[in-house]
Amino acid sequence: MLSVLRVHLPSDIPIVGCELTPYVLLRRPDKTFTTDDVPDSAPVDGHFLRYRIQSDRNVAICSIHPSEQATLQCLGCVKAKIPVAKSYHCSPKCFSDAWQHHRVLHDRAASAVNENGNEEEELFGRFNSSGSAASLSGSASTTSLTNGSTPLYPAAVTQRSGGETWFEVGRFKTYTPSADDIGHVLKFECVVVDAETKLPVGHVNTILTSRVIPAPSPSPRHLIPVNGADAMGHLDSDGRVSSSGTFSVLSYNILSDVYATNDVYSYCPSWALSWPYRRQNLLREIVGYRADIVCLQEVQSDHYEEFFAPELDKHGYVGLYKRKTNEVVYIGNTNTIDGCATFFRRDRFLHVKKYEVEFNKAAQSWTDSQLPSSQKKTALSRLFKDNVALIVVLEAKFGNQGVDNPGKRQLLCVANTHVNVHQDLKDVKLWQVHTLLKGLEKIAASADIPMLVCGDFNSVPGSAPHSLLAMGKVDPLHPELAADPLGILRPNSKLVHQLPLVSAYSSFARIGVGLGLEQQRRRLDPTTNEPLFTNCTRDFIGTLDYIFYTADSLTVESLLELLDEEGLRKDTALPSPEWSSDHIALLAEFRCTPRARR
């Protein structure tokens, strides 16, 4: 027979707005194990699973007689997600007398979800009183109350030892706490049910949570103009600061779930590290920035397919994805391998072309052409790190070129990458960045196209990779060039590129006086004009993330303000309950400018 072996929640602290889905381990009749759900529509050996979620709200008021405490709850209202306050009644007579008017709520809900009459009767026909169940039948004009058969659960409102009352709030496996649940304990129940009799089989598996808490809200970050304007914009859901001729780009390493472990981030509460919490928090943050283009790093392939792509689609975004290669020995589920995801607003851009850069392939090509067979294995073990880049060519649906270029297509090339993290492989980091830039140069040679290079480069300002990006070359005496056991950086004179790349956030240092600019300048490194940090943990604080742009075809209009290091450190490092990644998001607003004739 189907049996439940284990039930637990990913976090015992429920957060308003964050889904709670229990992990359920089952043993099938053939003695095999599974975590797949067994709904009533697909029973196994004549059995299925049924769930119930209750809250310990200790006072509920009758919806008809506000001076009376409720003793029963209409399960149909719960099922149909009708406001919970309308589901309570003080007695069976109260419920029966009010049925003709109450059923209107059910009819409206049934029409909204296109439910059939039989299902409606089953869902809306049961209620309970004093621990018993009853079935309500009849029409709007004729209502009768009769004792029903034994319910699936003993009651929809049950008494707990000590006199506290449990009110049912859901009958699905997944429950999303609302503001009504704040301060209350939730009880999840899971039971095996006989598909024929609809009766529970065996004991009910129960989990009690801690009290529901509201979702922590980070302080809002402002968009700071850097083009001499005197106003300071505020990013919210009501609209963007950008005008029709500008577009904004977000770059954000969201911290893959497989890396967000309690061992690494022991200072962060376990509930704030759980993926069900972090994904909702990240989604709220990303959507709140209202960027036209979104470049994300450390996006697991399963999270892209199952969460980010469908959720951001609801907000008008089209997504493209490149997963890291997995040629390096990898133990575990390949669906959890992360990669780069680029999204763009479908009302602002069209997708023209996609290029995928696999640094492993470039390494294979280099070793095949440069090294004897006896040295290839050693070289590839150093170069194979599975990092990738995603390059997307877009066409703007808005005009930027003005009367000088009527009807000209406005293309834009966006590169999104996550460079190798190992600090003892500085030669590999630089080689990966150089390889990406050479690829972008080929695209630039084939089209007159502005470029953006975004991502987590795992390289601090002043490092060799940063110098190559920002300066177009690396000083031959740079100390990081000393460690090059494979000779992949030789001759050093090849470490150049012709793209006029500039770091977007250096605009805070280069532009004149404006509201908020002085404060932002204090959050820059005076030597490199880069942010003091984009990554902040207990063990490291510094800048690893950048947005570079081609300065001959793009100008920076505004930048998302940087966080204050002292204020951040006062509470905790990242991630935290407010910020769900150990990186901070970078956002820049650009305007395309016509290139001078060559």
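Just above, that's the structure.
Predicted, not measured: the structure shown is a model, and the values here were computed from it.

## Looking at the overall build of the chain
Alright, step 1. In terms of regular secondary structure, the chain is built from 14 helices and 29 strands.
Alright, step 2. Counting the 598 residues in the chain, one finds 52% classified as buried.

## Quick look at the packing of aromatic side chains
Alright, step 1. Per the counting criterion, the structure on display carries 17 aromatic pairs.
Alright, step 2. Between Arg345 and the ring centre of Tyr317, over which it is positioned, the NZ or CZ distance is 5.5 Å.

## Section: the nonpolar core
Within soluble globular proteins, side chains that are nonpolar generally end up buried alongside one another.
Alright, step 1. By size, the foremost hydrophobic cluster in this structure holds 66 residues, and its most contacted members are Phe247, Ile293, Leu452 and Phe590.
Alright, step 2. Ranked by the residues each element gives to this core, the list is headed by helix 6 (residues 275-289), at 6 residues.
Alright, step 3. With residues near it in sequence (within four places) discarded, Leu452 still touches Phe247, Val249, Leu412, Cys413, Val414, Ala415, Ile547, Phe548, Tyr549, Leu554 and Phe590.

## A closer look at unusual backbone geometry
Alright, step 1. Of note, the bond from Arg490 into Pro491 is cis; its omega dihedral lies within 30 degrees of zero at -5°.
Alright, step 2. Note that Pro491 resides in the loop between helix 11 (464-471) and strand 24 (501-503).
Alright, step 3. Of the consecutive residues Leu574 and Pro575, the connecting peptide bond is found in the cis state with omega at 0°.
Alright, step 4. Turning to its location among the elements, Pro575 is positioned in the loop between helix 14 (565-571) and strand 29 (586-592).
Alright, step 5. The phi dihedral of Lys198 falls on the positive side, at around 65°, and the residue is not glycine.
Alright, step 6. We note that Leu255 has phi near 70°; this positive angle belongs to a residue other than glycine.
Alright, step 7. Of note, Leu255 is situated in the loop between strand 16 (246-253) and helix 5 (270-273).
Alright, step 8. By relative accessible area, which is 2% here, Leu255 ends up buried.

## Describing the environment of Ser576
Alright, step 1. Looking at the element boundaries, Ser576 is found in the loop between helix 14 and strand 29.
Alright, step 2. Put simply, Ser576 and Pro269 are 307 residues apart on the chain and 7.6 Å apart in space, counted from C-alpha to C-alpha.
Alright, step 3. With residues up to four places along the chain from it excluded, the contact list for Ser576 reads Cys268 and Ala272.

## Remarks on the environment of Pro594
Alright, step 1. Inspection of the secondary structure assignment puts Pro594 in the segment after strand 29.
Alright, step 2. Between the alpha carbons of Pro594 and Leu554 there is a distance of 8.4 Å; along the sequence they are 40 residues apart.

## A word on the sheet that holds strand 2 (residues 23-27)
Alright, step 1. Spatially, 3 strands are ordered 1-2-3 in an open sheet, and the strand pairing comes out antiparallel. Pairing within the sheet leaves two strands with one partner each, and these edge strands are strand 1 (3-8) and strand 3 (33-34).
Alright, step 2. In terms of strand pairing, strand 1 meets strand 2 through 5 bridges, oriented antiparallel. Along strand 2, the bridge assignment pairs Val7 with Val24.

## Some words on the packing of helix 6 against helix 7 (residues 301-314)
Alright, step 1. Running from N to C, helix 6 and helix 7 point in directions that differ by 35°, and their axes come no closer than 11 Å. Note on packing geometry: the crossing formed by helix 6 with helix 7 is right-handed. Across the interface between the two elements, Trp275, Arg279, Gln280, Leu283, Ile286 and Val287 from helix 6 touch His303, Phe307, Phe308, Glu311 and Leu312 from helix 7.

## A closer look at the packing of helix 10 (residues 426-446) against helix 11
Each packed pair of helices is defined by two parameters, the angle between the axes and the distance between the axes.
Alright, step 1. Contact pair helix 10 / helix 11: the axes reach a minimum separation of 8 Å and the direction vectors enclose 20°. Of the possible angle classes, the one that applies to helix 10 and helix 11 is roughly parallel. Along its contact with helix 10, which presents Lys429, Leu430, Val433, His434 and Leu437, the element helix 11 presents Ala464, Pro465, Leu468 and Leu469.

## Overview of the sheet that holds strand 20 (residues 349-358)
Alright, step 1. Taken in spatial order, the 6 strands make up an open sheet running 20-21-22-23-27-24, and their pairing is mixed. Of all the strands in the sheet, the pair left with one neighbour each is strand 20 and strand 24. Shown here is a sheet whose adjacent strand axes are inclined to one another by a mean of 20°, direction ignored.
Alright, step 2. Packing of helix 10 onto the sheet brings it into contact with strand 20, strand 21 (388-396), strand 22 (411-418), strand 23 (451-456) and strand 24, and relative to strand 23 it is tilted by some 160°.
Alright, step 3. Contacting strand 23, strand 24 and strand 27 (545-550), helix 11 crosses the sheet at an angle of about 25° to strand 27.

## Examining helix 9 (residues 373-383)
Alright, step 1. Buried within helix 9 are the following residues: Ala379, Leu380 and Leu383. Take helix 9 and look down its axis: the buried residues cluster within an arc of 100°, on one side only. With respect to the buried face of helix 9, the exposed residues turned more than 90 degrees away are Ser374, Lys377, Thr378 and Ser381.
Alright, step 2. Against the buried residues of helix 9 lie helix 8 (359-370) and helix 10.

## Things to note about the environment of Lys322
Alright, step 1. In this fold, Lys322 is placed in strand 18 (residues 317-323).
Alright, step 2. Residues Lys322 and Glu358, 36 residues apart in the sequence, show an inter-C-alpha distance of 9.3 Å.
Alright, step 3. Those residues in contact with Lys322, other than ones at most four positions away along the chain, are Gly339, Cys340, Glu356, Glu358, Val388, Ala389 and Leu390.
Alright, step 4. Among the polar contacts made by the side chain of Lys322, one reaches the side chain of Glu356 at a distance of 3.4 Å.

## Some remarks on the pairing of strand 27
Alright, step 1. Among the 6 residues that make up strand 27, 6 are buried, leaving the element largely enclosed by the rest of the structure.
Alright, step 2. Going residue by residue along strand 27, you find Asp545, Ile547 and Tyr549 tucked away on one face and Tyr546, Phe548 and Thr550 tucked away on the opposite face as well.
Alright, step 3. Sheet topology note: the strand 23/strand 27 ladder contains 5 bridges and is antiparallel. Along strand 27, the bridge assignment pairs Gly455 with Tyr546.
Alright, step 4. The sheet contact formed by strand 24 and strand 27 spans 3 bridges and is antiparallel. Of the residues in strand 27, the one forming a bridge with Val502 is Tyr549.

## Observations concerning the side chain of His466
Alright, step 1. Here His466 lies in helix 11.
Alright, step 2. At 3.2 Å, the side chain of His466 forms a polar contact with the backbone nitrogen of Gly462.
Alright, step 3. Not counting residues within four places of it along the chain, the set of residues in contact with His466 comprises Val460, Pro461, Met471, Glu530, Tyr546 and Phe548.

## Here's the deal with the pairing of strand 2
Alright, step 1. Burial along strand 2 is one-sided: the face carrying Val24 and Leu26 is buried and the face carrying Tyr23, Leu25 and Arg27 is not.
Alright, step 2. What sits between the antiparallel neighbours strand 2 and strand 3 is a turn of 5 residues, in which Lys31 has the positive phi angle 75°.

## Notes on the side chain of Glu358
Alright, step 1. Along the polypeptide, Glu358 turns up in strand 20.
Alright, step 2. Here the side chain of Glu358 touches Lys322 through a polar contact of 2.5 Å, side chain to side chain.
Alright, step 3. Beyond its immediate stretch of four places on either side in the chain, Glu358 contacts Lys322, Thr325, Asn387 and Val388.

Conventions adopted
- Residues numbered from 1 in each chain as written.
- Predicted model: local features only at pLDDT ≥ 70, side-chain atom pairs only at ≥ 80, totals over all residues.
- Heavy atoms only, no water.
- Helix = DSSP H or I, 4+ residues; strand = E, 2+ residues; numbered from the N terminus.
- Buried < 20%, exposed > 50% of the residue type's maximum accessible area, 1.4 Å probe, protein only.
- Phe/Tyr/Trp six-rings, centres within 6.5 Å; stacked < 30°, edge-to-face > 60°.
- Lys NZ or Arg CZ within 6 Å of the ring centre and 35° of its normal.
- Core = buried A, V, L, I, M, F, W, Y, C linked by side-chain atoms within 4.5 Å.
- Contact = heavy atoms within 4.5 Å.
- Pairing = 2+ DSSP bridges.
- Axes fitted to C-alpha atoms, helices over the stretch in contact; angles between N-to-C directions.
- Left-handed = near helix turned anticlockwise from the far one by under 90°.
- Parallel < 35°, antiparallel > 145°, perpendicular 65-115°, else oblique.
- Arc of directions from axis to C-beta.
- Polar contact = N/O pair within 3.5 Å; in protein donor to acceptor, adjacent residues only side chain to side chain.

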